[in-house]
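Summary of the model geometry
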Amino acid sequence: MSSKQFVSEPRIRLVLLHRFSDIMVIPVSAMLTHGLIYKTWAMDSFLALSVAMSMVIALWLYPAIGLYRAWRGESTGKELLNASQAWTFNFLILAFLLYFTENADATRIEYFSVWFFAGLSGLLLVRSCVRAVLNRARRSGRNQTHVVIVGDNGLATSTINTVRDAEWAGYKVRGYFGEGVIQGEKRLGGFHEIDKYLEKA
């Protein structure tokens, strides 16, 4: 397996996990809300249509606003804020479409209000759990991105120290290219050997 595959495959699985869990929050929170308010899991056609529309909106909206961009190194709060905005925009678009298609039902305001907060809570909970699992995996040496430093001066040393001080971000220094020596770091070769290294990567 090449280093490119080593990096890309976990990322693909992570994106798929995020997409699946984010989408599943919609029907699960809708069903829980329905059971809480109406004491039954069976939805009528109007609510089932609303859930389906919300899922379709999410499939387009969430990637469009950057919900699945790389959050590595970003704060948890910033990621959760983005997720909150995504869920809110989803509901606003859903409300507009229901009104525009004349499918709005004023008698369901209680249901949609509870569903909004249930779904928001569920989305933030799922995001927080996935983030916690990733952080734990990175601390144990998994789900890491290996980086190579080009240079052997003070800036290169400072960069290496910064990466090592932020292990939670998921980066691991594999070594450096340079003509000099950086104490405690693996020298992968001189500057003229970079192309050869990249060809093997």
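In this report, the structure presented in the accompanying data block is examined. None of the values given here were measured: they were computed from a predicted structure.

With respect to the helices, strands and loops of the structure, Ser50 is situated in helix H2 (residues 45-64). Sequence separation between Ser50 and Leu97 is 47 residues; the distance between their C-alpha atoms is 9.6 Å. Once you skip the residues sitting within four places of it in the chain, Ser50 turns out to touch Leu94, Leu98, Phe112 and Trp115.

A separate point is the packing of aromatic side chains. This model, assessed by the stated rule, comprises ten aromatic pairs. Between Phe46 and Phe112, the ring centres sit 6.1 Å apart and the planes meet at 70 degrees, which makes this aromatic pair edge-to-face. Note that Phe46 is positioned in helix H2 and Phe112 in helix H4 (residues 109-139), a separation of 66 residues in sequence. On the basis of relative accessibility, which here comes to 13%, the residue Phe46 falls in the buried class. Taken together, the ring pairs in this structure connect Tyr38, Phe46, Trp87, Phe91, Tyr111, Phe112, Trp115, Phe116 and Phe117 into an aromatic cluster.

The strand order E1-E2-E3 describes an open sheet built from three strands, whose pairing is parallel. Unpaired on one side and paired on the other, strand E1 (145-150) and strand E3 (187-189) mark the two borders of the sheet. Going across the sheet, the axis of each strand differs from the next one's by a mean of 40 degrees, ignoring polarity. Pairing of E1 with strand E2 (residues 171-177) involves six bridges; the strand directions are parallel. In the sheet register, Val148 faces E2, and the bridge partner there is Gly175.

Turning our eyes to something else, we now look at the packing of H2 against helix H3 (residues 76-100). For the pair H2 and H3, interaxial distance at closest approach is 9 Å and the crossing angle is 130 degrees. Judged on the interaxial angle alone, H3 and H2 are oblique. In this structure, H2 meets H3 at a crossing whose hand is right-handed. Within the contact between the two elements, H2 uses Phe46, Ser50, Met53, Ser54, Ile57, Ala58, Trp60, Leu61 and Tyr62 and H3 uses Ala86, Trp87, Phe89, Asn90, Ile93, Leu94, Leu97 and Leu98. Residue composition of the contact of H2 with H3, grouped by class: 14 nonpolar, three polar and no charged.

Let's shift gears to the pattern of salt bridges. What the rule picks out here adds up to four salt bridges. A salt bridge links Arg127 to Asp22; the nearest nitrogen and oxygen atoms lie 2.6 Å apart. Highlighted residues: Arg127 in helix H4 and Asp22 in helix H1 (residues 3-38), separated in sequence by 105 residues. Like Asp22, Arg127 is buried. Ionic pairing is found between Glu79 and Arg127, a salt bridge with its closest N-O pair at 3.1 Å. On the criterion of sequence distance, the pair formed by Glu79 in helix H3 and Arg127 in helix H4 is long-range, its members being 48 residues apart. When salt bridges that share partners are traced, they join Asp22, Glu79 and Arg127 into one network.

What counts and what doesn't
- Residues numbered from 1 in each chain as written.
- Predicted model: local features only at pLDDT ≥ 70, side-chain atom pairs only at ≥ 80, totals over all residues.
- Heavy atoms only, no water.
- Helix = DSSP H or I, 4+ residues; strand = E, 2+ residues; numbered from the N terminus.
- Contact = heavy atoms within 4.5 Å.
- Phe/Tyr/Trp six-rings, centres within 6.5 Å; stacked < 30°, edge-to-face > 60°.
- Buried < 20%, exposed > 50% of the residue type's maximum accessible area, 1.4 Å probe, protein only.
- Pairing = 2+ DSSP bridges.
- Axes fitted to C-alpha atoms, helices over the stretch in contact; angles between N-to-C directions.
- Parallel < 35°, antiparallel > 145°, perpendicular 65-115°, else oblique.
- Left-handed = near helix turned anticlockwise from the far one by under 90°.
- Nonpolar A, V, L, I, M, F, W, Y, C, P; charged D, E, K, R; others polar.
- Salt bridge = Lys/Arg side-chain N within 4 Å of Asp/Glu carboxyl O.

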